[in-house]
Amino acid sequence: MECLFCKIAQGEMNTDILYKDEQIIAFRDIAPQAPSHILLIPRHHISTLNDLAGDDTKLMGHMTVIAQRIAQQIGIAESGYRLVMNCNQNGGQSVFHIHMHLLGGRQMCWPPG
Ligand code: 5GP
Ligand code: ZN
């Protein structure tokens, strides 16, 4: 298997998993850009946001709700956080298995870099 995040989803990478269910998993980013930086990914491979299909609406909604729950659990919900998904080159995507970044624990900047 080629894809790094597929390997993480299959448990091949000895990653510290914060959350998992039949659809998604969540784990800490290896190079955190904020005091809290967590990635949520679908278990099955989807390369980019451009590859989402109509029946992925439940998956994406689920991922967002779980991100909110994790934010509550780690204590950043009230102070605030940011959810980010990068697509392709201009979006700054570097791993081509879709993932939602949950970032918090500091003031985020706007506009983003
Ligand atoms: P992107 O740049 O594609 O939006 O985000 C990819 C993210 O994956 C980056 O924040 C990067 O630090 C993270 N990442 C890359 N390789 C690994 C890894 O092996 N383990 C973990 N936990 N995160 C990774
Ligand atoms: Zn993958």
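It should be noted that the structure appears before, not after, this text.
A quick note: this is a predicted structure, and the numbers were derived from the prediction, not measured.

Asks: Please explain the coordination of the zinc ion (ligand 2) as it appears in this structure.
Replies: Each donor-metal-donor angle in an ideal tetrahedron of four donors is 109.5 degrees, and each such angle in an ideal octahedron of six donors is either 90 or 180 degrees. Bound to the zinc ion (ligand 2) on the protein side are Cys 3 (SG), Cys 6 (SG), His 45 (ND1) and His 97 (ND1), at distances that span 2.1 to 2.3 Å. Taken together, the four donor atoms coordinating the zinc ion (ligand 2) span angles of 106 to 118° at the metal, a pattern that classifies the geometry as tetrahedral.

Asks: Any chance you could explain the nonpolar core here in plain terms?
Replies: The nonpolar side chains of a soluble globular protein tend to be buried with one another. Among the nonpolar cores identified, the biggest contains 17 residues, and Ile 24, Leu 40, Ile 70 and Leu 102 are the most heavily contacted of them. Looking at this core, the elements with two or more residues in it are strand S2 (24–28), strand S3 (36–42), helix H2 (57–73) and strand S5 (100–104). At seven residues, H2 tops the list of elements feeding residues into this core. Discounting residues that sit within four places of it in the chain, Ile 24 has contacts with Tyr 19, Leu 40, Ile 41, Pro 42, Arg 43, Leu 59, His 62, Met 63 and Ile 66. Counting 10 residues, the second largest nonpolar core, distinct from the first, contains Cys 3, Ile 25, Leu 39 and Val 95.

Asks: Before we go on, may I ask you to explain the pairing of S3 in this structure?
Replies: On any regular strand, side chains alternate: one points to one face of the sheet, the next to the other face. By the criterion of burial, S3 is predominantly enclosed, with seven of the seven residues buried. Every second residue of S3 is oriented toward a common face, with Ser 36, Ile 38, Leu 40 and Pro 42 on one face and His 37, Leu 39 and Ile 41 on the other, all of them buried. As paired strands, S2 and S3 are joined by five bridges and run antiparallel to one another. Paired with Ala 26 across the two strands is Leu 40, which belongs to S3. As paired elements, S3 and S5 share five bridges and run antiparallel to each other. From the neighbouring strand, Ser 36 faces S5, where its bridge partner is Gly 104.

Asks: Sorry if this is basic, but what is going on with H2 here?
Replies: Structural remark: α-helix, 3.6 residues per turn; residues separated by three or four positions point the same way. The end-to-end C-alpha distance of H2, which contains 17 residues, comes to 24 Å, matching closely the 24 Å that a straight helix rising 1.5 Å per residue would cover. Among all positions in H2, only Leu 59, Met 60, Met 63, Ile 66, Ala 67, Ile 70 and Ala 71 are buried. Axial view of H2: buried residues confined to an arc of 145°, hence all on one face. When the buried face of H2 is taken as reference, the exposed residues oriented beyond 90 degrees from it are Thr 57 and Lys 58. Looking at the buried side of H2, the elements it contacts are strand S1 (17–20), S2, S3, strand S4 (81–84) and S5.

Asks: Whenever I open this one, the site of ligand 1 confuses me. Can you help?
Replies: Neighbouring residues of ligand 1: 17 residues in total, closest Arg 28, Asp 29, Asn 86, Ser 94 and His 101. Here an oxygen atom of ligand 1 sits 2.8 Å away from a polar atom, N or O, in the side chain of Asn 86. Between Val 95 and ligand 1, the recorded distance is 3.0 Å, taken from a backbone N or O atom to an oxygen atom. Computed on the free molecule, ligand 1 has an accessible area of 530 Å², of which 82% lies beneath the protein chains in the complex. Taken together, the elements giving at least two residues each to the shell around ligand 1 come down to helix H1 (4–9), S2 and S3. In terms of residue count, H1 provides more of the shell around ligand 1 than any other element does, three residues in total. For the shell around ligand 1, the class distribution of residues is eight nonpolar, seven polar and two charged.

Calculation notes
- Residues numbered from 1 in each chain as written.
- Chains lettered and ligands numbered in written order.
- Predicted model: local features only at pLDDT ≥ 70, side-chain atom pairs only at ≥ 80, totals over all residues.
- Heavy atoms only, no water.
- Donors = N, O, S within 2.8 Å, 3.2 Å for Na, K, Ca; no water.
- Tetrahedral: all angles 85-135°; square planar, octahedral: opposite > 155°, others 65-115°.
- Core = buried A, V, L, I, M, F, W, Y, C linked by side-chain atoms within 4.5 Å.
- Buried < 20%, exposed > 50% of the residue type's maximum accessible area, 1.4 Å probe, protein only.
- Helix = DSSP H or I, 4+ residues; strand = E, 2+ residues; numbered from the N terminus.
- Contact = heavy atoms within 4.5 Å.
- Pairing = 2+ DSSP bridges.
- Expected span 1.5 Å × (residues − 1).
- Arc of directions from axis to C-beta.
- Near = heavy atom within 4 Å.
- Polar contact = N/O pair within 3.5 Å; in protein donor to acceptor, adjacent residues only side chain to side chain.
- Areas by Shrake-Rupley, 256 points an atom, 1.4 Å probe, with all protein chains shown as cover.
- Nonpolar A, V, L, I, M, F, W, Y, C, P; charged D, E, K, R; others polar.

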